[in-house]
Amino acid sequence: MRVTQSMLSNNMLRNLSSSYNKMGKLQDQLNTGKKVNRPSDDPVVAMKGIAYRHQVAKVEQFKRNVGDVHNWLDSTDAALDNAGEVLKRARELMVNVPTDSMTYDDRQKIAQELKQLQESMRDIANAKVGDKYIFSGTKTGSPLFINTKAYGDLDQIQKDLYEKVDDDSYRLIADAKNGTQREVKIEVFDGVELQVNTLGIGIFDEIDKKFTTMIQDIEGDKNNQTSKPDLDKHIASMDDALNIVLEARAVVGARQNRAELMDNRLDLQEMAAKKQMSQNEDIDYEVVITDLMTQESIHRAALSIGARIIQPTLVDFLR
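Every chain is numbered independently, its residues counted from 1 as its sequence is written. Per-residue local features of the predicted model are confined to residues with pLDDT of at least 70, and side-chain atom pairs are confined, for both listing and counting, to 80 or more; whole-chain, interface and lining totals are unaffected and use all residues. Note that the side-chain values use all heavy atoms of the structure and ignore hydrogens as well as water.

Going by an unreviewed UniProt entry, the protein carries the name Flagellar hook-associated protein FlgL and comes from Savagea faecisuis. UniProt positions are given in the numbering used here, feature names are shortened, and annotations may be inferred rather than shown by experiment. Here the protein is described in UniProt, under the heading Sequence similarities (unreviewed entry), as follows: "Belongs to the bacterial flagellin family." Entered under Subcellular location (unreviewed entry) in the UniProt record, the comment concerning the protein runs "Bacterial flagellum".

Participant: Talk me through the nonpolar core; I want residue IDs and the actual numbers.
Facilitator: Counting residues in each nonpolar core, the largest one holds 62 residues, and the members touching the most others are L87, L114, F204 and F211. Elements that contribute at least two residues to this core include exactly α2 (43–96), α3 (104–125), β3 (145–147), β5 (169–172), β6 (185–189), β7 (192–195), α6 (200–219) and α7 (233–281). Segments assigned H or I by DSSP are reported as helices when at least four residues long, segments assigned E as strands when at least two residues long, and all are numbered from the N terminus. With 14 residues, the top contributor of residues to this core is α2. Residue contacts follow a heavy-atom distance rule, with two residues in contact if any of their heavy atoms lie within 4.5 Å. Among residues more than four places away in sequence, those in contact with L87 are M121, I207, F211, M238, A241, L242 and V245. Counting 5 residues, the second largest nonpolar core, distinct from the first, contains M23, L26, I283 and V288. Residues grouped as a nonpolar core are buried Ala, Val, Leu, Ile, Met, Phe, Trp, Tyr and Cys residues, joined through side-chain atoms within 4.5 Å. Relative accessibility thresholds used throughout: buried, under 20% of the residue-type maximum; exposed, over 50%; partly exposed, between the two (1.4 Å probe, protein chains only).

Participant: Describe the packing of aromatic side chains, listing the residues and the values that go with them.
Facilitator: Two rings belonging to Phe, Tyr or Trp (six-membered ring only in the last case) form a pair when the distance between their centres is within 6.5 Å. Interplanar angles under 30 degrees mark stacking, angles over 60 mark edge-to-face geometry, and anything in between is tilted. Considering all chains together, one arrives at 2 aromatic pairs under this definition. Summarising the aromatic geometry, the rings of F62 and F189 are spaced 5.9 Å apart at their centres and angled 40° between planes, so their arrangement reads as tilted. Taken together, the positions of F62 in helix α2 and F189 in strand β6 put the pair 127 residues apart, joining distant regions of the chain. Per residue, the accessibility class of F62 equals that of F189, and both read buried.

Participant: Hey, could you go over the packing of α2 against α6 for me, with residue numbers and the actual values?
Facilitator: A fitted line through C-alpha atoms represents every axis, and for helices the fit uses only the stretch in contact; the resulting angles, taken between N-to-C directions, go from 0 to 180 degrees. Interaxial distance between α2 and α6 falls to 13 Å at its minimum, and their mutual angle equals 20°. By the angle class used here, α2 and α6 are roughly parallel. Handedness of the crossing formed by α2 with α6: left-handed. Side by side, α2 and α6 meet where L80, A83, V86, L87, A90 and M94 of the first sit next to F204, I207, F211, M214 and I218 of the second. Basically, the charged four are Asp, Glu, Lys and Arg, the nonpolar ten are Ala, Val, Leu, Ile, Met, Phe, Trp, Tyr, Cys and Pro, and anything else, Gly included, counts as polar. Its residues assigned to classes, the contact of α2 with α6 comprises 11 nonpolar, no polar and no charged. Each angle receives one of four descriptions, namely roughly parallel if under 35 degrees, roughly antiparallel if over 145, roughly perpendicular if within 65 to 115, and oblique otherwise. Handedness of a helix crossing follows the sense of rotation of the near helix relative to the far helix, less than a right angle counterclockwise being left-handed and clockwise being right-handed.

Participant: Which residues make up the packing of α2 against α3, and what values go with them?
Facilitator: At their nearest, the axes of α2 and α3 sit 10 Å apart, and the two run at 170° to each other. What the angle tells us is that α2 and α3 run roughly antiparallel. As α2 runs across α3, the sense of the crossing is left-handed. Residues A79, N82, A83, V86, L87, R89, A90, L93 and M94 of α2 pack against I110, E113, L114, L117, S120, M121 and I124 of α3. Looking at the contact of α2 with α3 residue by residue, the classes come out as 12 nonpolar, 2 polar and 2 charged.

Participant: Break down α3 for me, citing the residues and quoting the values.
Facilitator: Each turn of an α-helix holds 3.6 residues, which means side chains three or four residues apart point in the same direction. Expected helix span is given by 1.5 Å per residue-to-residue step, counting one fewer step than there are residues. When the terminal C-alpha atoms of α3 are compared, their 31 Å separation across 22 residues agrees well with the 32 Å that a helix rising 1.5 Å per residue should span. Turning to α3, its buried residues are Y104, R107, Q108, I110, A111, L114, L117, Q118, M121, R122, I124 and A125. Where the residues of α3 are buried, they touch α2, β3, β5 and α6.

Participant: Outline the pattern of salt bridges, supporting the account with residue identities and numerical values.
Facilitator: Here, a salt bridge means any side-chain nitrogen of Lys or Arg that lies within 4 Å of a carboxyl oxygen of Asp or Glu. As enumerated under the stated definition, the model contains 18 salt bridges in all. Salt-bridge contacts for R89 lead to E113; the nearest nitrogen and oxygen are separated by 2.9 Å. Separated by 24 residues along the polypeptide, R89 in helix α2 and E113 in helix α3 bring together distant segments of the chain. For R89, a relative accessible area of 33% corresponds to the partly exposed category. Classification of E113 by relative accessible area gives partly exposed; the value is 30%. Taking the shortest distance from any N to any O, the salt bridge between R122 and D166 comes out at 3.0 Å. Note that R122 is positioned in helix α3 and D166 in the loop between β4 (162–164) and β5, a separation of 44 residues in sequence. Given the relative accessible area of 28%, D166 is considered partly exposed.

Here is the structure:
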């Protein structure tokens, strides 16, 4: 076969173009640190990279969900701790009420403080995380207790959800249908959900009734200026209420421990997913730099050989 000058020239240009493409690809890899900068570079690596990135994104979302879990549980624990302090103060007051030295007027002063403690307990029952009430079940937009002096008259929707507990206060009706006794769960892993809320309607309703009974018994002792033996029962009542709060805190603590374990598990999952993604996509800089230097040497050799193969033109002879 006859090899012409044009064939030599075309082959040289094609090879130089291929050499430039190889060097350009290596330079792109050094600039980005990735083996694949477009799907056409390596479709298999590109598809695996999409899967690994999806896994990393999912783990990161689960970690954000665990952060929300910690926020709910920490707020719940703080609220229950405050409730415990209120009950301790109420018990201290009730220890003094049945004593012989306590007059009726003194008891009425204690009753007034107990009323304030009862209001404080209702405020704790209305604790929020962001704009969500944490003790109202899935009715996170509705407070557990409503004071009409602060909120105004109840609208028709609220009247269907609340029942009256005294002249100015209303409490959510304990009914699973309206969401007050439903669990709030947050997904923290594939198929794994953690309950973040404490069903406070039963806890705080029982404590509120204990306060109401206690205050009524103290205020009802109008004709007896001496000690009233049946007031002793309210000391034990406050102890029972405190035990209820402590049991709820124990449950919250157990959930916090589980959330911590899940957080550690997600950290390991994130590290593993990112390691797989790095092994699939990231370049080995030493190898790529060596390949680039080798390709540059080959390219320079090709340029040198090509210059010798191409025959002199008429212009060269006219110089």
